[in-house]
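Residue-level structural notes
What follows is each chain in one-letter form.
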Amino acid sequence: MDHQSELPQKMEGLQTETEPAADGALHPNLKHEKSGLAASEDELQNVVDDPDADSHQSAAGMLLHEWDGELPPKLIKIQERRLQIWDRLLVIEAQRIEIAQQAKHELILQAIRRQARELQNLPDEDELNQEQSWLQEQLDQPPQLDEPTLVSKSATQTEIYHEVIQLSLKQNKLIRALRQLDPLVPIAAAAMSASEPLMEIGRQQSLAVENLLGWTYYLAGLRQIMQQAGEAQQSWSAARLAAGSRSHSSFLKNLFVTDSDEEESADEDSRIGHLIRLGRAAEREQRQLEPQLCNWYWQIYEELAWRWIGRRMAPQFHTYIRAYLRYGLVGVHPAVMPSQIVEQLLQRCSVDIYQWRNSLEAYHVLYPDELLQALAAEQITPGPDEQLELHDRGSMLWKTDRWYRQMITGRIRCELYEARLEQINQELIHLHHDWKAIQARWDTLRKIHANRTSTNPVEVEMRRVRVHLARLSRTSEKMVQKMIPELRLQVEELHDKLANIEQLLPQEFLIRREVRLLRRTARLCSRLKEYYPPLWLAQWTQLEHQQQNRSVVVQTLRDLESSDPRIFHQVLTPGENLQRQVTVRMSPVCVIVPTLGPLGMAMSPRKSNDCGRLAIPWVAAQPNQIRRMYVDMLSDFRWDTSKEEAGLDWLTSETMCAAYSSILWHYNRKPKEQRAKAGFDKKLSARQNWRTHYRLLMNSAHEGGKQLYFKCREVYDLVVKQLGLPEGIKPIKN
C-alpha cells in the first residue's frame, strides 16, 4: 500500500465529521445546518465575555503554550474558533470545485466565481447581508436551467444551481461569523499589548495602533501553528515510511500486533490529521490577513515618520522608531519576536547611524529612517513623483518641486565640483614637477645625442605629460570661471524663488510623499507583492546570509564599480578617447527597503535635478541571484542615465543608448537564429536587451569582457568605446 496517499484518505474521513451542516443534498452529513450554525455563532460571540475562558484549553492553545511567550487565553480561544470556521470554509471551497466540473450553464459558473471572490476578499457585514437576501430569493424562486444530459442519473443544471446557492448561503454565514470576531481580537490582546513601546507612542500621539498590535499577536500564533503542523506532517510521513519498511522485512512481528496498538495508531493518525487541517486553515487565515496588516503597518509608518521628523517624539522612543522604520519591528513581546532578535535590532539602530559625507569616494547607502532624516535636512532630493509629472505638469506645485530638486542637486554638485577641483589642482602641481623633471632629462639627452628621433621614450612621455597638463589646466579654468560660479548663482536664484516653500511644499507633504514612494518601492522590489515585515523578521537567523545590510551593499557596489569604473561618473571635459576625459564621481543614493524581494530597482537616473536613486530589498528572496540583482539594477541605471543625457531626441544623439538601439534595430532585421546567437530578443525592449549584454560585460570585465566579445562583437566595440574597461585591462583584439 502506498503510505504517502494514506494521510489524505484519513483526512477526508476527518473532514466529513467537521463539515458545516447544510439543508442541501451535497453531502449526506450536511443536515440541521441552521441550528448548528446558530449555535456556533452564539458561542463565538461569547468567547471574550466567558468568565471561565482562562480555564479552557484548546488544541490551538496547547500548541501555543509550548513556545516562549504565551498569548492571552481569550485570544487563543478566538483563534481556535476562527480556524474552525476557516476549516469549514475550505471544505465548502473543495465542494465548490467539485461541483464546478459538472456545471455547464453560465449562470452557475458566475455564481461559483462570485463565491471564490467573496472567499478571497471577505466582504463586510453590510455586503454580506445584501448578498444573503439575494441568495434567499434565488432559493425561493430558482431559475429553470434544465438541459439535456447524456446520463440520466446525473443532476440537472437547476439542481446544481440550487446546490451552489446553498453553498453560498453557508459561506455567507461563516464569513459573517468571522467578521463578528474581528473586533474581539484587539480587545483580547489589549492586556498583552499594554507594555509595548508602540502602544505607549500611540497613547501619546493619539494613534490607533490597537488593531495592528492585536492582529500581529494573532498572526504570531498562526505562524507557530503552521510550523508545528508542518513538523507533525513530516514526522507522520517518516513514521509511516519506517513502519512500511519494517512490515515488509519482518512478517512474524505482525502476529503480535494487538487491537490496542491499532487503536493507538488510529488515534495518532486522527490527532496528526487534525493538526494538519489546523495548519491549512491557519495558512489561509494568514494569507487573508496579511494585506490588511500591511495597510495598517504603512499607515502607522507614515504617521510615525512625520511625527519623528517633526521632533514630536520623546527621546526614549527614538531607537524603537528607527527599528520600526528600518526593519518593521512592530512588537517586542517574546510571543511576537524572540528577545535576542529585538535586542540585536535595537542595538543596531542605536549605533549604526549614517553620517552624511558628500565626498567623491562616498557610497550613500541609507536605511529608510536615515533617508527621511537626510530629506528633512535637504541633503538629498525627494524621490520621483510620477503622479506630479503626469497629471500636474506645468502647475505651480510641479514648478516648485522641480526648483526644489534643482536647488538641492546644485548644492551637492557645488561641493563635489569643489572637491574635484582641489584634486585637479593637486594633480597639476604633481604634473608641473614631472614636467620640469622630464624637460631637464630631455635637455640633457639632447646635448648628448644630436641625432634624436621623435620616437624617443623621453620625448613621448614629455608630450603625454604636456597634453594631460593642458587638459587639466583647461578643466580647472573652466570650473573656476564658469561651472562653479554659474551653479552657485543658480542655487541662489532658486533659493530666492523658494522663500515661501513651506506654503507651497511643506515638509510634512514631502515626508508623507516619501513614505508612500517607499511603500511603492517595496512592492516593486517584491514583484508587486507586499510582505508583512514581522512575518519574515522573526526568521532573522535563517535569513542572515540573505540580508543586505549597509556593509554588504557598500562592498557589493564597490566590487561592481571596479568592473564598470565610470558608472557613477559625470563628464566634465569630453573627448573621444576615454582616457582623455575628465570626470567627477557622483554617487547615487541607495536605499535599503524593508521588504523581502528578488529585484533591485533603479528609481531615478543621474540628471540635472537628481544625482540618482537605487533601491535594494533588505532580504534577497533568491540568495543565489544576489549579484545578478545588483547587476540588473546598475544596468537600468546605466541605460536611464544615458537616455537622460541624450535628451528628447535621444535616438539621434551620440550616446550609449542611441548606439545600442541602432545595433538592436540592425539585428532585429536578421533571422531569429542570428539574433539568439548574439543575445537579442525581439520581444523585449532595448532596455531589457541591454541587461543581457551588460551581465556578460560585468561577469568578464576583468578578463577584457571576453563573454561579451564572443557573444556580440558590435556591442563589445560600443562598450569599449563609450563605457571602458577596468583600469589596466586591455581590449580584446582580433
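Rules used in this analysis
Residues numbered from 1 in each chain as written. Predicted model: local features only at pLDDT ≥ 70, side-chain atom pairs only at ≥ 80, totals over all residues. Heavy atoms only, no water. Helix = DSSP H or I, 4+ residues; strand = E, 2+ residues; numbered from the N terminus. Buried < 20%, exposed > 50% of the residue type's maximum accessible area, 1.4 Å probe, protein only. Contact = heavy atoms within 4.5 Å. Areas by Shrake-Rupley, 256 points an atom, 1.4 Å probe, with all protein chains shown as cover. Phe/Tyr/Trp six-rings, centres within 6.5 Å; stacked < 30°, edge-to-face > 60°. Axes fitted to C-alpha atoms, helices over the stretch in contact; angles between N-to-C directions. Left-handed = near helix turned anticlockwise from the far one by under 90°. Nonpolar A, V, L, I, M, F, W, Y, C, P; charged D, E, K, R; others polar. Parallel < 35°, antiparallel > 145°, perpendicular 65-115°, else oblique. Core = buried A, V, L, I, M, F, W, Y, C linked by side-chain atoms within 4.5 Å. Pairing = 2+ DSSP bridges. Patch = residues over 30% accessible without salt bridge, like charges linked within 9 Å, V, L, I, M, F, W, Y side chains within 5 Å. Salt bridge = Lys/Arg side-chain N within 4 Å of Asp/Glu carboxyl O. Lys, Arg positive; Asp, Glu negative; His and termini not counted. Charge placed at Lys NZ, Arg CZ, Asp CG, Glu CD. Arc of directions from axis to C-beta. Polar contact = N/O pair within 3.5 Å; in protein donor to acceptor, adjacent residues only side chain to side chain. Disulfide = S-S within 2.5 Å. pLDDT = per-residue confidence, 0-100.

Attention now moves to the overall build of the protein. Helix and strand counts for the protein come out as 28 helices and six strands. Burial analysis of the protein (734 residues in total) assigns 50% to the buried set. Looking at the protein alone, contacts between residues at least 24 apart form 73% of all its contacts between residues at least 6 apart. Working note: accessible area of the protein is about 37,100 Å², and carbon and sulfur atoms make up 50% of it.

All right, on to the packing of aromatic side chains then. This model, assessed by the stated rule, comprises 22 aromatic pairs. Centroid distance Tyr-667 to Phe-680: 4.8 Å. Interplanar angle 25°. Geometry classified as stacked. Of this pair, Tyr-667 sits in helix H24 (residues 656-668) while Phe-680 sits in the loop between helix H25 (672-678) and helix H26 (686-699), placing them 13 residues apart in sequence. We classify Phe-680 as buried; its relative accessible area is 5%. Taking the centre distance of 5.1 Å and the plane angle of 85° together, the rings of Tyr-709 and Tyr-716 count as edge-to-face.

So, about the packing of helix H22 (residues 550-563) against helix H23 (residues 626-646). The N-to-C vectors of H22 and H23 enclose an angle of 60°; their axes lie 11 Å apart at closest approach. The two elements H22 and H23 cross, and the hand of that crossing is right-handed. Side by side, H22 and H23 meet where Val-553, Thr-556, Leu-557 and Leu-560 of the first sit next to Arg-627, Tyr-630, Val-631, Met-633 and Leu-634 of the second. Residue classes in the contact of H22 with H23 are distributed as seven nonpolar, one polar and one charged.

Let's shift gears to the packing of helix H13 (residues 318-327) against helix H15 (residues 368-376). The interhelical angle for the contact between H13 and H15, taken along N-to-C directions, is 105°, at an axis separation of 7 Å. As the angle between them shows, H13 and H15 are arranged roughly perpendicular. Residue-level contacts link Arg-322, Leu-325 and Arg-326 of H13 to Pro-368, Asp-369, Glu-370, Leu-372 and Gln-373 of H15. Its residues assigned to classes, the contact of H13 with H15 shows three nonpolar, one polar and four charged.

Next up on the list: the nonpolar core. Membership of the largest hydrophobic core comes to 158 residues, with the highest contact counts inside it found for Leu-198 and Tyr-324. The greatest single-element share of this core, amounting to 15 residues, is contributed by helix H12 (residues 259-309). Not counting the four nearest positions on each side in its chain, Leu-198 is found in contact with Val-209, Leu-212, Leu-213, Ile-300, Leu-304, Tyr-320, Tyr-324 and Val-330. Counting 35 residues, the second largest nonpolar core, distinct from the first, contains Leu-360, Ile-438, Met-462 and Ile-484.

Looking now at the pairing of strand E6 (residues 613-620). Consecutive side chains along a regular strand alternate between the two faces of the sheet. Counting buried positions along E6 gives eight out of eight residues, so the element sits mostly inside the fold. Bridge count for strand E4 (residues 589-597) against E6 is seven bridges, and the pairing is parallel. Among the inter-strand pairings, Gly-597 is bridged to a residue of E6, identified as Ala-620. Pairing of strand E5 (residues 601-604) with E6 involves three bridges; the strand directions are antiparallel. Along E6, the bridge assignment pairs Ser-604 with Arg-613.

Strand order in this open sheet of four strands is E1-E4-E6-E5, and the pairing throughout is mixed. Sheet topology places strand E1 (364-366) and E5 at the edges, where each strand pairs with a single neighbour. Strand-to-strand, the axes of this sheet are offset by a mean angle of 35°, without reference to chain direction. The strands touched by helix H20 (residues 507-525) within the sheet are E4, E5 and E6, with E4 carrying the most contacts at an inclination of about 60°.

Attention now goes to a negative patch on the surface. Taken together, the side chains of Asp-124, Glu-125, Asp-126 and Glu-127 define an acidic patch exposed on the protein surface. Here Asp-126 lies in helix H6 (residues 125-140). Classification of Asp-126 as exposed rests on a relative accessible area of 55%.

What follows covers the pattern of salt bridges. Pairs may arise between side chains of opposite charge once their charged atoms sit close together. As enumerated under the stated definition, the model contains 38 salt bridges in all. Where Glu-106 meets Arg-113, a salt bridge forms, and the shortest distance between an N and an O atom there is 2.7 Å. Here Asp-182 ties to Arg-179 by a salt bridge, and the two come within 2.9 Å at their closest N and O atoms. On the basis of relative accessibility, which here comes to 16%, the residue Asp-182 falls in the buried class. Connected through salt bridges with shared partners, the residues Glu-302, Glu-303, Arg-307, Glu-508, Arg-512 and Arg-516 form a single ionic network.

Glancing now at helix H10 (residues 197-205). Where H10 is concerned, the buried positions are Leu-198, Met-199, Ile-201, Gly-202 and Gln-205. Viewed end-on, H10 has its buried residues packed into an arc of 160°, placing them on one side of the element. Ser-206 sits one or two positions beyond H10 and adopts a positive phi of about 60°.

On to the side chain of Glu-370. As for its position among the elements, Glu-370 is in helix H15. At 2.9 Å, the side chain of Glu-370 and the backbone nitrogen of Tyr-354 are in polar contact.

Further remarks concern the environment of Lys-74. Mapped onto the elements of the fold, Lys-74 is located in helix H4 (residues 73-100). We classify Lys-74 as partly exposed; its relative accessible area is 29%. It is 8.7 Å that separates the C-alpha atoms of Lys-74 and Val-185, two residues lying 111 residues apart in sequence.

Right, let's talk about the state of the cysteines for a bit. For the structure on display, the rule yields zero disulfides. Cys-525 provides the cysteine sulfur closest to Cys-590, a residue in no disulfide bond, and the two sulfurs are 9.5 Å apart.

Now for the side chain of Arg-405. By the element assignment, Arg-405 lies in helix H17 (residues 396-448). Within the local environment of Arg-405, its side chain forms a polar contact with the backbone oxygen of Pro-382, the two atoms lying 2.6 Å apart.

Our next topic: unusual backbone geometry. Peptide bonds are mostly trans, and most non-glycine residues show a negative phi. Residue Leu-122 is not a glycine yet carries a positive backbone phi of 50°. Structurally, Leu-122 can be placed in the loop between helix H5 (106-121) and H6. Even without a glycine there, the phi angle at Arg-311 is positive, about 60°.

Our next topic: the confidence of the model for the protein. For the protein, per-residue confidence averages 82 on the pLDDT scale, and 84% of positions sit at 70 or higher. Contacts for the low-pLDDT stretch residues 1-68, under 50 throughout, to residues beyond four places or in other chains number 128 contacts. Taken as a whole, residues 248-253 scores under 50 in pLDDT and shows one contact with residues more than four places along the chain or in a different chain.

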